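For reference, the chains in residue letters:
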Amino acid sequence: MSELIDALNQLEKEKHIDKDVIMEAIENSLVAACKRDFGNADNVVVNMDRETGDIVVYAEKEVVETADGEDFDPALQISLAKAKAMDPKYELGDIVRVEITPKDFGRIAAMHARSVIVQKIKEEERRVVFDHFYCKEKDIVTGVVQRYVGENVSVSLDDKTDALLMKSEQIRGEVFQPTERIKLYIVEVKDTNRGPRILVSRTHPDLVKRLFEKEVAEIQDGIVEIKNIVREAGSRTKLAVWSNDQNVDPVGACVGMNGARVNAIVNDLKGEKIDIINWNEDPCVYIENALSPSKVVSVSVDMEEKSAQVVVPDYQLSLAIGKEGQNARLAARLTGYKIDIKSESQAEEEEELRGYEEYESEEMADESMAYDDENAVEEELLSEESEYIDE
């Protein structure tokens with residue numbers, strides 16, 4: 001079996017699979033085979049020599065007084081006399097290993113060894129792939145488009161690993177060509193019976209976050225922080241950033257010289273618009289920034305209700321709300337506040353209406369008080385008249 005040892009040594013060098021692990025697996029496989037041949041005996045042991053590869057099968061038997069009793073089981077027990085003949089040191093109750101290697105066992109062993117080695121190679125290759133991509137979970141990788149599988153896209157992540165970009169994780173309207181290189185976000189890596197399953201996405205907000213982290217040196221150094229990010233994939237992303245160094249402009253760092261940094265990310269996202277705004281702990285300022293690129297006249301915030309009333313110039317109302325309400329919707333998600341946007345003229349009309357309603361309310365209150373005074377006088381006169389009649 002020296003050829004087997006040579007093969008295992010070579011396998012250990014090339015595939016980094018521990019030789020002892022494979023030998024132990026071969027022994028376990030042969031034990032299972034022996035149990036089928038010798039019945040379901042739990043005392044069968046297979047030993048594989050780690051140097052020569054020679055394989056011997058033993059039955060572990062307990063030493064008993066004699067083999068004449070009715071309870072004697074030759075598969076599990078051996079008489080003291082036979083045990084002494086093998087080695088005088090054995091005593092009652094000792095466990096003796098008796099060789100029971102079947103004829104032609106070398107062929108059986110070789111067949112099982114081959115099966116185990118093939119299985120171990122497959123398992124090890126799966127483990128290596130799983131470990132490699134598990135370390136990249138929640139990160140981005142570059143894949144090469146292979147082909148469309150229905151509405152899904154098969155993407156090669158390396159020479160041996162493919163992933164399926166599902167339709168639900170694709171940006172609407174995005175079309176890929178074979179051999180095209182695309183950036184993907186690894187959402188999750190699962191270990192299955194068929195090998196690692198890698199879930200990738202083009203729509204996840206953290207795809208944009210990771211692209212900025214790799215593109216902007218200040219974010220890598222911890223000077224600039226991404227406080228929050230919201231995204232409607234393929235259309236617009238809003239990014240709130242903050243600088244730990246007052247000398248570093250977080251928005252400028254993310255935009256880059258002549259927009260180089262942000263444009264590189266926009267190209268990776270096939271033209272998706274990105275709004276980068278300053279994060280601020282004051283919700284009024286934060287909401288004003290979040291509604292960029294629209295200008296804001298005033299912001300009033302209800303902290304308990306987590307709502308905000310925003311007034312913008314008349315000509316900026318449509319910009320503040322955005323197409324189909326997108327800008328306002330993303331700003332609300334970014335800040336965590338329900339945002340009600342009004343133009344200056346709408347706010348003035350509401351203020352005038354509110355003032356008129358307050359005036360009307362005061363007039364009605366004055367009339368009610370006057371009416372109450374008249375009733376009181378009338379009641380007093382009636383009371384005096386009643387008293388006069390009684391007299």
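Data block above holds the structure.
Just so you know, these numbers come straight off a predicted model, no measurement behind them.

Chemist: Describe the overall build of the protein chain, with residues and values.
Modeler: Scanning the protein chain from N- to C-terminus turns up 12 helices and 15 strands. Nonlocal contacts in the protein chain, meaning residues at least 24 apart in sequence, comprise 56% of its contacts between residues at least 6 apart.

Chemist: Give a description of the packing of aromatic side chains that names residues and reports values.
Modeler: Aromatic rings considered in pairs are described by the distance between their centres and by the relative angle of their planes. The tally for this structure, following the rule as stated, stands at three aromatic pairs. Consider the rings of F130 and Y134, whose centres lie 5.4 Å apart with planes at 20°: the pair is stacked. Remark: Y134 and F130 occur in helix α4 (residues 105–134); sequence separation between them is four residues, near one turn of the helix. Looking at Y134, the relative accessible area reads 46%, which means it is partly exposed. Taking the centre distance of 6.3 Å and the plane angle of 65° together, the rings of W279 and Y286 count as edge-to-face. Its relative accessible area of 23% is what places W279 among the partly exposed residues. Chaining the aromatic ring pairs together yields one cluster made of W242, W279 and Y286. Above the ring of W279, the side-chain terminus of K227 is found at 4.7 Å from the ring centroid.

Chemist: Could you give an account of the pairing of strand β5 (residues 140–149), with specific residues and numbers?
Modeler: Sheet topology places β5 next to strand β8 (residues 181–192); five bridges connect them, and they run antiparallel. Of the residues in β8, the one forming a bridge with T142 is K183. Relative to strand β6 (residues 152–156), β5 runs antiparallel, the two sharing five bridges. Its bridge partner being in β6, V145 is matched across the sheet by V155.

Chemist: Give me the lowdown on unusual backbone geometry, citing residues and values where you can.
Modeler: Following S292, the chain continues to P293 via a peptide bond in cis, the omega torsion being 15°. Residue position: P293 is located in the loop between α9 (283–290) and β13 (298–302). For E324, which is not a glycine, the phi torsion comes out positive at approximately 55°. Its location among the elements puts E324 in the loop between α10 (317–321) and α11 (326–335). On the basis of relative accessible area, E324 is assigned to the exposed category, the value being 72%.

Chemist: Tell me about the sheet that holds strand β12 (residues 273–278), and please be specific about residues and values.
Modeler: Each strand in a sheet pairs with another by means of backbone hydrogen bonds, the pair being arranged parallel or else antiparallel. In spatial order, the strands read β10-β11-β12; together these three strands make up an open sheet with mixed pairing. Because the sheet does not close on itself, it has two edges, and the strands there are β10 (224–232) and β12. Going from strand to strand, the sheet's axes swing by 20° on average, the running direction of each strand aside. Strand contacts of helix α5 (residues 205–215): β10, β11 (236–243) and β12, with the helix running at about 145° to β10, the strand carrying the most contacts. Packed onto the sheet, α9 meets β10, β11 and β12 and runs at close to 155° relative to β12.

Rules of the game
Residues numbered from 1 in each chain as written. Predicted model: local features only at pLDDT ≥ 70, side-chain atom pairs only at ≥ 80, totals over all residues. Heavy atoms only, no water. Helix = DSSP H or I, 4+ residues; strand = E, 2+ residues; numbered from the N terminus. Contact = heavy atoms within 4.5 Å. Phe/Tyr/Trp six-rings, centres within 6.5 Å; stacked < 30°, edge-to-face > 60°. Buried < 20%, exposed > 50% of the residue type's maximum accessible area, 1.4 Å probe, protein only. Lys NZ or Arg CZ within 6 Å of the ring centre and 35° of its normal. Pairing = 2+ DSSP bridges. Axes fitted to C-alpha atoms, helices over the stretch in contact; angles between N-to-C directions.

Remember that the coordinates give geometry; whether it matters functionally is a separate question.
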